[in-house]
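Here is what each chain is made of, one letter per residue.
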Amino acid sequence: QTILKAAIAKISPTHYVKTIEIGKKLLFEGKCPEAMAEFEKAMTMDTKPALACFYHGQAFLMEKALENAATDYNEGLNYNKIHYKCLVGLYDILMNKKQHKDAYELVKRISRYFPANPARLAQVLRLAVITKSYEDVERYYQSFVDLDTRSDELVRYICAALVVCGKYYISTNNSSRALELFRKA
């Protein structure tokens, strides 16, 4: 039934989807004001226009208006708290602004709802260390183990994170836990 609904939606898209597609075309042509007008129109066509909010934010992003883009992404997340594109867009803005603590909280939310992505896992490990969220490193190690393919870079990231986490546990007199992390590294 789900596949059938998806196929029908592709064959016969709603006015909302058609309006977003028009806006996307304008956006890719570099016509941000015209694209934004289409996305604003789309926002009135759906009760939960998270996708329109995302693309409206993308138009702001193209114009280097990060705060406005973040506002749009947050608005999209108000409609759908796990809208992947809005989550990733907001995460990218937070990283760009070096708001590591907020970015880490957001990426934890992304990883809770969406499968591990090797490229993102390296970023998550880095943020866990930066924000001193050492307890989370072991959980990410399990995600690492579950991956089908692991790049050399990701292997270096996980090893470094495990060593830093182990050093933290030594400083808190938890040497048995530290040794376990060093062994995994």
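Quick notes on the rules
Residues numbered from 1 in each chain as written. Predicted model: local features only at pLDDT ≥ 70, side-chain atom pairs only at ≥ 80, totals over all residues. Heavy atoms only, no water. Helix = DSSP H or I, 4+ residues; strand = E, 2+ residues; numbered from the N terminus. Contact = heavy atoms within 4.5 Å. Areas by Shrake-Rupley, 256 points an atom, 1.4 Å probe, with all protein chains shown as cover. Expected span 1.5 Å × (residues − 1). Buried < 20%, exposed > 50% of the residue type's maximum accessible area, 1.4 Å probe, protein only. Phe/Tyr/Trp six-rings, centres within 6.5 Å; stacked < 30°, edge-to-face > 60°. Lys NZ or Arg CZ within 6 Å of the ring centre and 35° of its normal. Axes fitted to C-alpha atoms, helices over the stretch in contact; angles between N-to-C directions. Parallel < 35°, antiparallel > 145°, perpendicular 65-115°, else oblique. Nonpolar A, V, L, I, M, F, W, Y, C, P; charged D, E, K, R; others polar. Left-handed = near helix turned anticlockwise from the far one by under 90°. Disulfide = S-S within 2.5 Å.

I would appreciate a short explanation of the overall build of the protein chain in the present structure.
Per the secondary structure count, the protein chain includes 11 helices and zero strands. Across the protein chain, helices and strands are ordered from the amino to the carboxyl terminus as α-α-α-α-α-α-α-α-α-α-α. Taken over the C-alpha atoms alone, the protein chain extends approximately 60 × 40 × 30 Å along its principal axes. Counted over contacts in the protein chain with a minimum sequence separation of 6, partners at least 24 positions apart contribute 50%. On the protein chain, roughly 11000 Å² of surface is accessible, and the fraction owed to carbon and sulfur atoms is 55%.

Is there a simple way to explain helix H8 (residues 118-130) in this structure?
Note on helix geometry: an α-helix contains 3.6 residues per turn, so any two residues three or four positions apart are oriented the same way. Across its 13 residues, H8 extends 19 Å between first and last C-alpha, which sits within 8% of the 18 Å expected from 1.5 Å per residue. Within the sequence span of H8, burial applies to Arg120, Leu121, Ala122, Val124, Leu125, Leu127 and Ala128. Packing partners of the buried residues in H8 comprise helix H6 (84-96), helix H7 (100-113), helix H9 (134-146) and helix H10 (152-171). Positive phi shows up at Lys132, right after H8, with a value of about 60°.

Just to check I follow, could you spell out the packing of aromatic side chains for this structure?
The description of an aromatic ring pair uses the distance of the two centres, along with the angle that the planes make with each other. The final tally for this structure, using the stated rule, is seven aromatic pairs. With a centroid separation of 5.7 Å and 25° between ring planes, the pair formed by Phe54 and Tyr73 is classed as stacked. Of this pair, Phe54 sits in helix H4 (residues 50-62) while Tyr73 sits in helix H5 (residues 66-79), and the two are 19 residues apart along the sequence. In terms of burial, Phe54 and Tyr73 fall into one category: buried. The rings of Phe39, Phe54, Tyr55 and Tyr73 are connected pair by pair, giving a single aromatic cluster. Of note, Arg150 hangs over the ring of Phe144, and the distance from its end group to the ring centre comes to 5.0 Å.

Looking at this model, I keep getting lost on the packing of helix H2 (residues 15-28) against H4. Mind explaining?
Helices that pack against each other are described as a pair by the angle of their axes relative to one another and the distance between those axes. Across the interface, H2 lies against H4 with an axial gap of 10 Å and an inter-helix angle of 10°. Relative to H4, the element H2 lies roughly parallel. Residues Tyr16, Ile20, Lys24 and Leu27 of H2 form the contact with H4, whose own contacting residues are Ala50, Leu51, Ala52, Tyr55, Gln58, Ala59 and Met62. Each residue belonging to the contact of H2 with H4 can be placed in one class, and the counts come to nine nonpolar, one polar and one charged.

Mind showing me how you'd approach the packing of helix H3 (residues 32-43) against H4 here?
Across the interface, H3 lies against H4 with an axial gap of 9 Å and an inter-helix angle of 160°. Considered as vectors, H3 and H4 are oriented roughly antiparallel to each other. In terms of crossing hand, the pair formed by H3 and H4 is left-handed. Taking contact as the criterion, the partners of Cys32, Met36, Phe39, Glu40, Ala42 and Met43 in H3 are, on H4, Ala52, Cys53, Tyr55, His56, Ala59, Phe60 and Met62. Residues of the contact of H3 with H4, tallied by class, amount to 11 nonpolar, one polar and one charged.

Got a minute to help me understand the state of the cysteines in this structure?
What we call a disulfide is simply a covalent bond connecting the sulfur atoms of a pair of cysteines. One pass over the structure, following the stated rule, counts zero disulfides. Note on Cys53: no disulfide assigned, nearest cysteine sulfur contributed by Cys86 at a separation of 6.4 Å. The exposure class assigned to Cys86 is buried, which follows from its relative accessible area of 0%.

Honestly, the side chain of Asp136 in this entry has me stumped. Any pointers?
One can find Asp136 in helix H9. With residues up to four places along the chain from it excluded, the contact list for Asp136 reads Tyr104 and Lys108.

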